[in-house]
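Topology and contacts: notes
This is what each chain is made of:
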Amino acid sequence: MPEVDTRPEGTETTDDDAPKMFHYVRKNKIAESAVMGTHVVALCGEVFPVTKSPKPGSPVCPDCKRIYENLPPGGE
């Protein structure tokens, strides 16, 4: 499994343009998406461009969280 960032990325915006929840994505794709506007694929399969960074306590996609917690240590 590729290295996954421990910092989730957001999708599904609300009325105030804040994401409803954040998703876990490949760490090496975050900067590329933020700069180039390319789409990333979250662990749960959601596809979206990176537009927001989460703050502590931000809601995390339950599917991404479950998958992330079951990954072997070391990102392999």
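What you see is a predicted model, and the numbers here were worked out from it, not measured in a lab.

The rules behind these values
Residues numbered from 1 in each chain as written. Predicted model: local features only at pLDDT ≥ 70, side-chain atom pairs only at ≥ 80, totals over all residues. Heavy atoms only, no water. Helix = DSSP H or I, 4+ residues; strand = E, 2+ residues; numbered from the N terminus. Buried < 20%, exposed > 50% of the residue type's maximum accessible area, 1.4 Å probe, protein only. Contact = heavy atoms within 4.5 Å. Areas by Shrake-Rupley, 256 points an atom, 1.4 Å probe, with all protein chains shown as cover. Salt bridge = Lys/Arg side-chain N within 4 Å of Asp/Glu carboxyl O.

Concerning the overall build of the chain
A tally of helices and strands in the chain yields 2 helices and 4 strands. Within the chain, buried positions represent 28% of all 76 residues. Across the chain, the fraction of contacts at a sequence separation of at least 24, relative to all contacts at a separation of at least 6, is 43%. Taken as a whole, the chain presents about 4,900 Å² of accessible surface, with 52% of it coming from carbon and sulfur.

Notes on the environment of lysine 52
Mapped onto the fold, lysine 52 is located in the loop between strand E4 (47-49) and helix H2 (62-69). Separated by 30 residues in sequence, lysine 52 and phenylalanine 22 place their C-alpha atoms 8.9 Å apart.

Notes on the pattern of salt bridges
Going through the model one piece at a time under the given rule, you end up with 2 salt bridges. The residue glutamate 32 makes a salt bridge to lysine 29 at a minimum N-O spacing of 3.9 Å. Taken together, the residues glutamate 32 and lysine 29, both in helix H1 (residues 27-36) and 3 residues apart, mark about one turn of the helix. Since its relative accessible area comes to 32%, lysine 29 is described here as partly exposed. Its salt-bridge partner being arginine 66, residue aspartate 63 comes within 3.8 Å of it at the nearest N-O pair. Here aspartate 63 and its partner arginine 66 are both found in helix H2, 3 residues apart, which amounts to about one turn of the helix. Arginine 66 gets classed as partly exposed once you look at its relative accessible area, which sits at 47%.

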